[in-house]
Amino acid sequence: MMDISLCLKRPSRMGDSKRMRMTSNFQWLLLTVLLLYLMNQVNSQKKRTPRDLKCITNNLQVWDCSWRAPSGAGHGAAYEVCFENGSHSCYRLEKNIKLPALLPGDHEITINPLHDFGNFISKFTLNEKNVSLIPDAPEILDLSADFSTSTLHLKWNDKGSVFPHHSNVIWEIKVLRKKNMEIVKLVTHNTTLNGRDTVHHWSWISDMPLECATHYVGIRCYIDDPQFSGRKEWSDWSPLKNISWSPDSQTKVFPQDRVLLVGSDITVCCVTQEKVLSAQIGSTYCPLIHLDGKNVAIKIRNISASESSGTNVVFSVEDNMFGTVIFAGYPPDIPQKLNCETYDLKEIICTWNPGRPTFLVGPRNTSYTLFESFSGKYVRFKRVELPTNESYQLFFQMLPNQEIYNFTLNARNPLGQSESTLLVNITEKVHPHIPTSVKVKDISSTAVTLSWHLPGSFAKIKLLCQIEINKTNSIHELRNVTMRGIENSSYLAALDKLNPYTIYTFRIRCCTDPFWKWSKWSNEKQYLTTEAIPSKGPDTWREWSSDGKNLIIYWKPLPINEANGKILSYNVSCSSDEETQSLSEIPDPQHKAEIQLDKNDYIISVVAKNSVGSSPPSKIASMEIPNDDLKIEQAVRMGNGILLTWNYDPNVTCDYVIKWCNSSRSEPCLMDWKKVPSNSTETIIESDQFRPGVRYNFFVYGCRNQGYQLLRSIIGYVEELAPVVAPNFTVEDTSADSILVKWEEIPVEELRGFLRGYLFYFEKGERDTSKMRVLESGRSDIKVKNITDISQKTLRIADLQGKTSYHLVLRAYTDGGMGPEKSMFVVTKENSVGLIIAILIPVAVAVIVGVVTSILCYRKREWEVIRLWKSLQGWKDRAVLVELACLGRGRSLPRSSGRRSCCSRPDVPKELDPWFQAPPSLQPYIQREEGALPPGCQGGLWLAWPVSRVHRWSSRVAQQKFYSRATSTSTT
C-alpha cells in the first residue's frame, strides 16, 4: 500500500503543479473579465454623461464651448451648465455654450444633462491654455484685374474691431489657375489689428496673362496674439473668387505690345478655338504649353534687347496666324554729367548724357522732365533715342531776380525712372556766345581799334575778353581786356605796338568774371596796317669786277618789319672828299648796281624809299685793304651750318662781313653775305641754299675806317660725302720687279669732301681670273697701301716678279666715305739674267749627271765582267765570247793553226787591245793552269767583253751565230 501510495503521490505532485498553473491562469482570466466589466460599466456611465469638452474663440472675447452628448440623448436635449468665474453662474441650454473669456487660471465647469436616464453630472476643469484661437474665415470684399499688366488686385476686411487689443495677423493668400485648380502662388501677408475694421489690399502680377486662363484667389488668417496662451490655429479658407476674361473676335494672343526688362521671362498665350500648330519668337520655335480647351502658351526666358521695331511672337493655326510684339529694353539710366549754364543770362541750357541706351523708341522712349524746386516750374523734354556719346539739352527761361536754381531732372519710361539733381548759381555758369561783327579801324600805323558784338544781358557782371593777334611767320600774341558788361552788347578795345604795313589776323573770345568757360573764337578778321618810313637802310655789300674797273654794289631787300611799307625804289650814291655822284633811282626788285670807279676811297650809300618816305642811308667803303699773310683754311661743320671763328682784332671798328659762295662757280664769287658785330669772334653760317657734298668758299672781312680787309679764306662743307668718281691713273714705267703708277686729281665737284688720302690695292691675277671681287685689306694675297699725303701723285711698287700679270686698284676717300674704285691690269717685263741662269743650271745639272753616270757604268762593267767570266765554263766558251765581241765591232777574227783564235795578241786588232788587257782587279781570277785557257791565251790577255756592249752592239745574226757555234762546239 505504501508503495502504491508512493507511486500515486509522485504523479499527484505533477498534477498539483499543473493545477496550480491552471488556477493562476484562471485567476488572471477572471481579473481580466472583471476589469473589462468595470470598464464597460464606466464607459456605460460615461456614455450617459456629457464628455470631450472643447472650447474655441474667434475674437478673444467669447469662448464657444461644446461637448459630446450622452448616448441616448435626443436632439434638443437640455443641459445645466455651471461654472465659477468670480461668481457661481448656471445656464440652461442645449449642446454648446458661449462663455465670456474667463480670467486666467483653472475654472470648474459642471454639466448636468436634463433627461430621463438618470442624474449623471460631468465636471471639467477649463483653462485658457485649453482654448483654441481660430479666427473666422476672412471675407474677400473685391477681386479685380488689370489685364493690361496681368495684375490681380485683392481687397478684404480684417474685422479688427471685434478684437480687444492689438494683434499681429498673418494672412495666407493662394492663387489658383485653370479648371484643375493648379496652385501657382502661395504667399503670406503680415498686418496688425488696431481695434477697428481695416480694409487691406494686395496685388500680384501673374507670369501668365490673365486672359489665358481663369484665376482663383482664396485667403485665410492666423492671429498671433502674444497675450493669448491657448492654441492658435489658421482660420478656414475664404470662399474662392475668380477672374475670367470674355474673349472677343479681334485679339487672340496675349499680352499685346508688352514692354519688358532685358533678361526677363514672359509667358505668351493664344486664346482660340482652333488647334495651334506651332509658335515661335523671331525665328526660334518654342514648345507649346496646353491650357484649358485649345488655348496654348509658350515660355520665353532671358529675353534679349529688341530691335527698334520690337520682337515678333507668332502662333500658327491651320489657316491663319496670330501674333504680338514684345519690346525688351532697360529702364532709363541716371542722367549723367548734368550741367546747367547760360549763354546770355536770359535762358538756361541744361545738358546731360542719357547713359546706357534703353532700346525703347517711339511711345516707349524715355521722357525727361526738368523741375526747378524754388520756383516750382518745370519743362518737359522728349526725343528719339540718340547714341550715348551725344548729349541732350533742355532750355529753361531764367526768372527775374533769381540767381540760384535747384534743378531735378527726372527720366521715365515704361520700365522705370531715375533722376539727377543740380544746385547752381547761374551767374557763375556763363558760357558766352561767339563774338560777332568784328571790325578794325586805324588809329595810326602802329595802333588800331577793334570792335565786336557779344549777345547777352551782361550789364551786372564783368567780362574778360582775349584778343589773339597773328602775323605771318610770327608767334601768336594774346592780349587780355577786362571790361564792364553793357546792355547794347557792343564792345571795343584799342590795340597798340603793332608794326606798320603788316597783315594782322585778329580773333576774339570772351568769358565772365568769375571764370567758367571761354566762348568759342570769333571768325578771323584780317587787316593791313598803314605804311611808315623805313626804319633801317638796306644791308649792303660791294665787289670789284674781275677787271678791277667797276664796283658792283649789292643790297638785300628790307624785311617787312623794317621796310614798313612797299619799297618802290632805291637811291645809290657814292661820295669822296672831292665829289658826290648819284645814280638814277633803281626800281624794286632790282638789288644791284654797278659804278665805274678808280681805286680811290669812296663811300657808297644806299637808301630805300616807300610811299611815306626814305630810309636812313646804308654806307659802305669801296676800298679793300690787301692782306699778304693769307692762308686757305678748312671750316668745321656745326649742326646744319658752318662754324667760322677768328681772333679778336682791335683794329676792326665797324663790323665783320662773311661772304660765301659755291667754289665751283666762276667769278665773281658771291652767293650771300652776313654782317656780325665787331666784338664777335665766331659765327655760324646757315643757308637754305647749302647742299651736302658741295664745297663753299667763305671769306671773312674786317671793317676798318678806311675800308675792308680780307682776314680769312676758308673752304668747308655742311656735310661731306664720299667721292663719286675714282682717280684716273696710268702706269708710267714697268720693269721686271717694279711698276710706277701716276694719277690725277679728282675735280672738286666730284670729290664732295676734303680729300684725306688714297688706297692702292694690288695682287697677282689675269684680267679674267682676278679674285679681287671685294677689296679686303685683311686678305694675305692682296697688298694695300694707304697714301695719306694728298699731294703725292705717283707711287712705285717694288719687289714684284718679272713677266707676271698684276691687278691694280686705286680709290680716294674723304671723311664722308670711300669712293668708287678704278682698276688696271699690268704685266711686268722679263728678267735676262734670270733667263741665262735658267739655261745654265739645267746644262750643268745634265753634265754632272752624265759624269756620275759614266763613273757608275764603268764600275758596273768590272762587276759584270767578273760575274760573266766566272759563269763561263772552259776556254771555248770564253773564246766564243771574244769572237762575239769582235763581230760586234765589225771585224773578222784572225785564224791560227787552222782554227779561229783570238787569244794570240798579235792577232788581236790594235783598237781592241784595250779590251783584251785584263785589269788588275781581274788578275786573281785568271787561271794559269794548263787547258784553262785556249792555246796562246796565257800571258794575261783579257778575253771579256762588257755585257752592256754585248747586248748593244751585237746583232740578231751575231747572236744566232753565237748560239749555233756554241751548240756545235758543245756537240763536238
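Residues numbered from 1 in each chain as written. Predicted model: local features only at pLDDT ≥ 70, side-chain atom pairs only at ≥ 80, totals over all residues. Heavy atoms only, no water.

As annotated in an unreviewed UniProt entry, the chain carries the name Leukemia inhibitory factor receptor isoform X2 and comes from Balaenoptera acutorostrata. You can read under Subcellular location (unreviewed entry) in the UniProt record for the chain the words "Membrane". One UniProt comment on the chain, placed under Sequence similarities (unreviewed entry), says "Belongs to the type I cytokine receptor family. Type 2 subfamily." (UniProt positions renumbered as here; feature names shortened; annotations may be inferred.)

Caption draft 1: Representation of the overall build of the chain in the model. The helix and strand inventory of the chain stands at eight helices and 65 strands. By sequence separation, contacts in the chain at least 24 residues apart represent 64% of the contacts at least 6 residues apart. Accessible area for the chain stands at about 54,800 Å²; split by element, carbon and sulfur atoms hold 51% of it. (Helix = DSSP H or I, 4+ residues; strand = E, 2+ residues; numbered from the N terminus. Contact = heavy atoms within 4.5 Å. Areas by Shrake-Rupley, 256 points an atom, 1.4 Å probe, with all protein chains shown as cover.)

Caption draft 2: Fine view of the pattern of salt bridges. Summed over the entire model, instances satisfying the criterion amount to 22 salt bridges. With a shortest N-O distance of 3.3 Å, Lys232 and Asp224 are connected by a salt bridge. By relative accessible area, which is 33% here, Asp224 ends up partly exposed. Note that Lys536 and Glu562 form a salt bridge whose closest N and O atoms lie 3.7 Å from each other. Residue Lys536 is located in the loop between strand S39 (525-528) and strand S40 (540-544), and its partner Glu562 is located in helix H2 (residues 560-563); the two are separated by 26 residues in the primary sequence. Relative accessible area serves as the criterion here: at 45%, Lys536 is assigned to the partly exposed category. (Salt bridge = Lys/Arg side-chain N within 4 Å of Asp/Glu carboxyl O. Buried < 20%, exposed > 50% of the residue type's maximum accessible area, 1.4 Å probe, protein only.)

Caption draft 3: Looking closely at the environment of Lys599. Assignment of secondary structure puts Lys599 in the loop between strand S45 (592-596) and strand S46 (603-609). We classify Lys599 as exposed; its relative accessible area is 56%. Expressed as a C-alpha distance, the spacing of Lys599 and Gly548, which sit 51 residues apart in the sequence, is 8.5 Å. Apart from the residues within four sequence positions on either side, Lys599 is in contact with Trp544 and Gly548.

Caption draft 4: Layout of the packing of aromatic side chains. Across all of its chains, the model carries 26 aromatic pairs by this definition. Here the aromatic rings of Tyr368 and Phe381 are separated by 6.1 Å at their centres, their planes lie at 50°, and the arrangement is tilted. Of this pair, Tyr368 sits in strand S28 (residues 367-372) while Phe381 sits in strand S29 (residues 377-382); the two residues are 13 residues apart in sequence, bridging distant segments of the chain. Phe381 matches Tyr368 in its accessibility class, with the two residues each being buried. (Phe/Tyr/Trp six-rings, centres within 6.5 Å; stacked < 30°, edge-to-face > 60°.)

Caption draft 5: Region of the structure containing the state of the cysteines. Scanning the entire structure with this criterion turns up six disulfides. A sulfur-sulfur separation of 1.9 Å characterises the disulfide bridge that pairs Cys82 with Cys90. Across the disulfide from Cys82 to Cys90, rotation about the S-S bond amounts to roughly 115°, and the bridge is consequently right-handed. Judged by its relative accessible area of 10%, Cys82 is buried. Across a sulfur-sulfur distance of 1.6 Å, Cys212 and Cys269 are joined as a disulfide pair. One quick way to see it: the torsion about the S-S bond of Cys212 and Cys269 is about -85°, and its sign makes the bridge left-handed. Linking Cys212 in the loop between strand S13 (199-205) and strand S14 (215-224) with Cys269 in strand S19 (residues 266-270), this pair joins segments that are 57 residues apart in sequence. An identical accessibility class is assigned to Cys212 and Cys269; each is buried. (Disulfide = S-S within 2.5 Å.)

Caption draft 6: Up close: a nonpolar patch on the surface. Together, Trp28, Leu31, Leu34, Tyr37 and Leu38 line one region of the surface with nonpolar side chains, adding up to about 570 Å² of accessible area. Structurally, the position occupied by Leu38 is in helix H1 (residues 2-47). With relative accessibility at 45%, the residue Leu38 sits in the partly exposed group. (Patch = residues over 30% accessible without salt bridge, like charges linked within 9 Å, V, L, I, M, F, W, Y side chains within 5 Å.)

Caption draft 7: Main features of the sheet that holds strand S27 (residues 347-353). Read across the sheet, three strands follow the order S26-S27-S30 without closing on themselves; strand pairing throughout is antiparallel. Every other strand in the sheet has two partners, leaving strand S26 (336-342) and strand S30 (392-397) as the edge strands with one partner each. Going from strand to strand, the sheet's axes swing by 20° on average, the running direction of each strand aside. Across six bridges, the pairing between S27 and S30 is antiparallel. Paired with Glu347 across the two strands is Gln397, which belongs to S30. (Pairing = 2+ DSSP bridges. Axes fitted to C-alpha atoms, helices over the stretch in contact; angles between N-to-C directions.)

Caption draft 8: Expanded view of the nonpolar core. With 48 residues, the main nonpolar core has Trp555, Val572, Leu597, Ile604, Leu644, Ile658 and Phe698 as its most contacted residues. Among the elements that take part in this core, strand S55 (residues 696-704) stands out by supplying six residues, more than any other. Look past the residues within four positions of Val572 in its chain and what remains in contact with it is Trp555, Ser582, Leu583, Ile586, Ala593, Ile595, Ile604, Ser605 and Val606. With 44 residues, the next largest nonpolar core counts Phe381, Phe407, Met483 and Tyr527 among its residues. (Core = buried A, V, L, I, M, F, W, Y, C linked by side-chain atoms within 4.5 Å.)

Caption draft 9: Seen up close, the pairing of S40. Counting buried positions along S40 yields five of five residues, so the element is predominantly enclosed. Of the two faces of S40, the one holding Thr540, Arg542 and Trp544 and the one holding Trp541 and Glu543 are both buried throughout. Sheet topology places S40 next to strand S41 (residues 550-555); five bridges connect them, and they run antiparallel. By the bridge assignment, Thr540 is partnered in S41 with Trp555. Here S40 folds back onto S41, and the loop between the two strands holds five residues, one of which, Gly548, carries a positive phi near 75°.

Caption draft 10: Region of interest: the confidence of the model for the chain. Mean pLDDT over the chain stands at 80; residues scoring 70 or higher make up 80%. Within the model, pLDDT remains below 50 along residues 1-15, and this stretch shows one contact once partners closer than five positions in the same chain are excluded. Below pLDDT 50 for its whole length, residues 925-972 participates in 89 contacts with residues either more than four positions away or in separate chains. (pLDDT = per-residue confidence, 0-100.)

Caption draft 11: Structural view of the environment of Gly105. If you trace the backbone, Gly105 turns up in the loop between strand S5 (96-100) and strand S6 (107-114). Here Gly105 falls in the partly exposed class, since its relative accessible area comes to 30%. With 20 residues separating them in the primary sequence, Gly105 and Thr125 have C-alpha atoms 9.8 Å apart. If we skip the residues at most four places from it in the chain, Gly105 touches Leu126, Asn127 and Glu128.

Caption draft 12: Layout of the sheet that holds strand S16 (residues 241-243). Strands sit in the order S12-S11-S14-S16 across an open sheet of four strands; the sheet is antiparallel. Looking along the sheet, the strands with just one partner apiece sit at the ends: strand S12 (182-193) and S16. Sheet twist, expressed as the average angle between the axes of neighbouring strands with direction ignored, equals 25°. When strand S11 (residues 167-177) meets S12, the two strands line up antiparallel, connected through eleven bridges. Paired with Val169 across the bridge in S12 is Thr191.

Caption draft 13: Region of interest: the side chain of Ser235. Residue position: Ser235 is located in the loop between strand S15 (231-232) and S16. Classification of Ser235 as buried rests on a relative accessible area of 3%. Discounting residues that sit within four places of it in the chain, Ser235 has contacts with Ile134, Pro135, Asp136, Ala137, Pro138, Arg220 and Cys221.

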